[in-house]
Amino acid sequence: MVRAHNFNAGPAALPDQALAQAKDELMNFRHTEMSVMELSHRSQDYEQVHHAAKDLLRELLNVPDTHDILLLQGGASLQFPMIPMNFLTKGQPNYILTGSWSEKALKEAKLLAHPYTGGSTKDEQYRRIPHTSELNWSNTDDYIHITSNNTIYGTQWQDLALDAPAPLIADMSSDILSRPFPVENYQLIYAGAQKNLGPSGVTIVIAERSMYERTPEHTPTLLRYDTHADKDSLYHTPPTFAIYMLYQVLSWVKENGGAEGMAKRNDEKAAVLYDTIDNSGGFYTGHAAADSRSHMNVTFNLPSEELNQTFLAEAKDAGFIGLNGHRSVGGCRASIYNAVPLETCEALRSFMKDFQAKHG
Ligand code: PMP
């Protein structure tokens, strides 16, 4: 079957295998004579999928016993207020700004507390991730919030083994499970599923249990992490189909080498595009500084806005989907999450070379 060259930033490409499995099981899930969407979330058949998805996440991300895995709704955006609602102590969390999504997280925290910014590359158009030596962080911070991959600017923390002086929280929406990293260094990790893990509708949270003690009593029930932890993410109706798809995608990740396998695959794909940019004699210029480049979102520009637009129009005609940069920054962006095949990146390389030969 022909599948599009899909560079969408999220929702994004899913593995063919995961979609094919869903298709096979759509009308009759495991002899139930129902779709998984039609099962009660209290049924054994559904609960098996629910727990299998959580178990696979634990295995693939090597999540220690000290941490819970929660499957929530509301997207990564609902985590922006939920984190301060649950984890403030003195009221001064620290937000490291590396792009628009960290700014959005900070904005929500400002509604509830007095956060400060212990590091920012905003005045460099978010071209790079700050070095840890540049960060101003302290053991008196309520927590420290980072964004591991900056979907819009195309930068990524290269080293996630951070040794932070206070509880460390990361928005990993756009690079979770794209490479191995030490989960134990983080007290909370969150990610919307719709880039690397599945369809939209489910948000993954990995939380160190000791943090729940901080949650104030007046916090609404559904917005408390411990509510979901106590009930295995079945306190209320979970997004059952999204969790089923999450399970299918995780099964594919496992069969393809787990986090290490994904890292290898993503390194190779990113190299195809960054090499094309670097070998173009300046025709294509990357937005991100070389030492901060994302292996998930490759952002670049052509010599003029007019050429950007011609490139995007011709790419679209040639069947390349989703190459427009985010509406806030413009330019071009190729999102190459786990499921995007190497061949799709190679096809884009050929297109970029041909385009340069024609217009360069
Ligand atoms: N954080 C990051 C890094 C993102 O890329 C996005 C979505 N593009 C979000 C948060 C917001 O996610 P959601 O739409 O699931 O709320």
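Because the structure is predicted, anything quoted here is derived from the model rather than measured.

1. As for the sheet that holds strand β9 (residues 188-192)
Strands pair in a sheet through their backbones, by hydrogen bonds, and they do so in one of two ways: parallel or antiparallel.
Item 1. On the basis of which strands lie adjacent, the open sheet formed by seven strands has the order β2-β10-β9-β8-β5-β3-β4 and mixed pairing. If you trace the sheet from one side to the other, it starts and ends with β2 (67-72) and β4 (116-120), each paired once. Ignoring which end each strand starts from, the neighbouring axes of this sheet average 20° apart.

2. Comments concerning unusual backbone geometry
Item 1. In the segment running from Gly-10 into Pro-11, the intervening peptide bond is cis, with an omega of -5°.
Item 2. By the secondary structure assignment, Pro-11 is in the loop between β1 (5-6) and α1 (16-25).
Item 3. Of note in the backbone geometry, Asp-232 takes a positive phi value of approximately 55° without being a glycine.
Item 4. With respect to the helices and strands, Asp-232 occurs in the loop between α5 (225-230) and α6 (240-255).

3. Things to note about the nonpolar core
Item 1. In terms of nonpolar packing, the biggest core is built from 92 residues, with Leu-188, Ala-191, Ile-204, Ile-243, Leu-246 and Ile-336 touching the most fellow members.
Item 2. Element by element, the count of residues in this core is highest for α6, at nine residues.

4. Let's talk about helix α7 (residues 258-278)
Because an α-helix completes one turn every 3.6 residues, residues spaced three or four positions apart along the sequence face the same direction.
Item 1. The end-to-end C-alpha distance of α7, which contains 21 residues, comes to 30 Å, matching closely the 30 Å that a straight helix rising 1.5 Å per residue would cover.
Item 2. Inspection of α7 places Met-262, Arg-265, Asn-266, Lys-269, Ala-270, Val-272, Leu-273 and Thr-276 among the buried residues, and these make up the whole buried set.
Item 3. Next to the buried residues of α7 lie α6, β12 (297-301), β14 (332-335) and α9 (342-359).

5. Things to note about the packing of helix α3 (residues 75-87) against helix α4 (residues 100-110)
Item 1. Close contact between α3 and α4 brings their axes to 8 Å; oriented N to C, the two are set at 45°. With respect to α4, the element α3 is oriented oblique. For α3 against α4, the interelement crossing comes out right-handed. For the pair formed by α3 and α4, the contact residues are Phe-80, Pro-81 and Pro-84 on the first element and Lys-104, Ala-105, Glu-108 and Ala-109 on the second.
Item 2. Taken together, the residues of the contact of α3 with α4 sort by class into five nonpolar, no polar and two charged.

About the cut-offs
Residues numbered from 1 in each chain as written. Predicted model: local features only at pLDDT ≥ 70, side-chain atom pairs only at ≥ 80, totals over all residues. Pairing = 2+ DSSP bridges. Helix = DSSP H or I, 4+ residues; strand = E, 2+ residues; numbered from the N terminus. Axes fitted to C-alpha atoms, helices over the stretch in contact; angles between N-to-C directions. Core = buried A, V, L, I, M, F, W, Y, C linked by C-beta atoms within 7 Å. Buried ≥ 20, exposed ≤ 12 C-beta atoms within 10 Å, placed from the backbone. Expected span 1.5 Å × (residues − 1). Contact = placed C-beta atoms within 7 Å. Parallel < 35°, antiparallel > 145°, perpendicular 65-115°, else oblique. Left-handed = near helix turned anticlockwise from the far one by under 90°. Nonpolar A, V, L, I, M, F, W, Y, C, P; charged D, E, K, R; others polar.

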